[in-house]
Amino acid sequence: MDYFEVVQVRHSVRSYKPDPVEPEKLQRILECARLAPTAANRQAYKVVVVATEGNKEVLQHIYRNPWFVQAPYILCVCSVPGKSWVRSDKKNYSDVDAAIVMDHMVLAATALGLGTCWVAAFDVEATRTILKLDDAWEPIAFTPLGYPNDSTFKKVRKPLEEMVVYTGPDLGDYKMTAGKQFQIQKQQLKSSLGRVEVVRKIHKIISGN
Ligand SMILES: Cc1cc2nc3c(=O)[nH]c(=O)nc-3n(C[C@H](O)[C@H](O)[C@H](O)COP(=O)(O)O)c2cc1C
């Protein structure tokens, strides 16, 4: 299945067979999580792999729909906001990182013939307690992982014209404030000092003193 077909056939699977998921497939899916990009490459996330066998009753406290526990595994992506990248205006990108990680796994699972369904409407408190999560982790999304027990699906999407805006010739005018200019100059100075430091070190190595 190429990428475009994967995107076409991925859908929210809300019925699973109890068939086991091959360990190699699980490993390949987790490897795709590892390769996901994160802001500033902080990789501040955890993937919790939950085996449902023998745990179904307690796991239903996390999310009540019966299909949540039908598959052999549930994956939970947690962010670690204290370690993720924060923009200068204080916007923390931990949710974005976690979403990319989840999507990498979801698409990998689809490519391997497995079903998934994003779940965000879970009970956070129950999740923290049942999965014994570290306080620094924030559960962002779950998905069951197993063989789908559905044969049809329907993609309900708005037309592309509603979602995409093409722009270019008619851009807004923007004047940089003095404060911003100062910030940029400071950053440039910092990075040029960094370069001087590197040059100094190379010179030291070459000259031997
Ligand atoms: C961030 C996110 C959270 C979601 N949470 C839930 C959820 O809690 N329960 C559920 O049944 N589906 C959930 N979904 C699935 C969406 O309802 C589904 O992706 C959407 O209706 C489009 O359908 P499709 O996935 O079959 O293409 C979630 C999807 C996303 C992306």
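The structure displayed is predicted, hence computed values, not measured ones.

Draft legend 1. Inspection of the overall build of the chain at higher detail. Counting its regular elements, the chain contains seven helices and three strands. Each helix and strand of the chain, ordered N terminal to C terminal, gives the series α-α-β-α-β-α-α-β-α-α. In terms of overall size, the chain is more extended than a compact globule, its C-alpha atoms giving a radius of gyration of 23 Å where 209 residues would be expected to give roughly 17 Å. Its C-alpha atoms put the chain at 65 × 50 × 35 Å along the principal axes. Counting every position in the chain, which comprises 209 residues, the buried fraction comes to 24%.

Draft legend 2. Inspection of the site of the ligand at higher detail. All residues in the neighbourhood of the ligand are listed as H11, S12, C117, W118, V119, A120, A121, A141, F153 and K155. Looking at the shell around the ligand residue by residue, the classes come out as seven nonpolar, two polar and one charged.

Draft legend 3. Structural detail: the environment of L112. Relative to the helices and strands, L112 resides in the loop between α4 (94-111) and α5 (124-130). Accessibility expressed as a C-beta count within 10 Å gives 18 for L112, which makes it partly exposed. A sequence separation of 106 residues divides L112 from V6, and the C-alpha atoms of the two residues are 9.4 Å apart. In this structure L112 touches K25 and R28, once residues within four positions along its chain are discounted.

Draft legend 4. Structural context of the sheet that holds strand β3 (residues 138-145). Taken in spatial order, the three strands of this open sheet run β1-β2-β3, and their pairing is antiparallel. Strands at the two margins of the open sheet, each flanked by one partner only, are β1 (45-51) and β3. Taken over all neighbouring pairs, the strand axes of this sheet differ in orientation by 20° on average, direction set aside. Direction of pairing for β1 relative to strand β2 (residues 73-79): antiparallel, over a ladder of seven bridges. Bridged to V50 within β2 is I74.

Draft legend 5. Seen up close, the nonpolar core. Core analysis: the biggest nonpolar cluster contains 32 residues, and I74, L75, V77 and M105 have the highest contact counts within it. Among the secondary structure elements, those contributing two or more residues to this core are α2 (23-34), β2, α4 and β3. Counting residues per element, this core draws most heavily on α4, at seven residues. In this structure L75 touches V47, V49, M105, F142, T143 and L145, once residues within four positions along its chain are discounted.

Draft legend 6. Main features of unusual backbone geometry. In this model, N41 sits at a positive phi of 55°, which is unusual for a non-glycine residue. By secondary structure assignment, the location of N41 is in the loop between α2 and β1. Residue K90 is not a glycine yet carries a positive backbone phi of 80°. Judged by local crowding, K90 falls into the exposed class, with 6 C-beta atoms found within 10 Å.

Draft legend 7. Broad picture of helix α7 (residues 178-207). Helix length check: α7, at 30 residues, gives a terminal C-alpha distance of 43 Å against a target of 44 Å (1.5 Å per residue), a fit within 8%. Little of α7 is tucked away: zero of the 30 residues are buried. Just past α7, the residue G208 takes up positive phi, approximately 75°.

Conventions used here
Residues numbered from 1 in each chain as written. Predicted model: local features only at pLDDT ≥ 70, side-chain atom pairs only at ≥ 80, totals over all residues. Helix = DSSP H or I, 4+ residues; strand = E, 2+ residues; numbered from the N terminus. Rg over C-alpha atoms; globule rule 2.2 N^0.38 Å. Buried ≥ 20, exposed ≤ 12 C-beta atoms within 10 Å, placed from the backbone. Near = placed C-beta within 6 Å. Nonpolar A, V, L, I, M, F, W, Y, C, P; charged D, E, K, R; others polar. Contact = placed C-beta atoms within 7 Å. Pairing = 2+ DSSP bridges. Axes fitted to C-alpha atoms, helices over the stretch in contact; angles between N-to-C directions. Core = buried A, V, L, I, M, F, W, Y, C linked by C-beta atoms within 7 Å. Expected span 1.5 Å × (residues − 1).

From the geometry alone we can't say anything about function, so treat these as descriptive.
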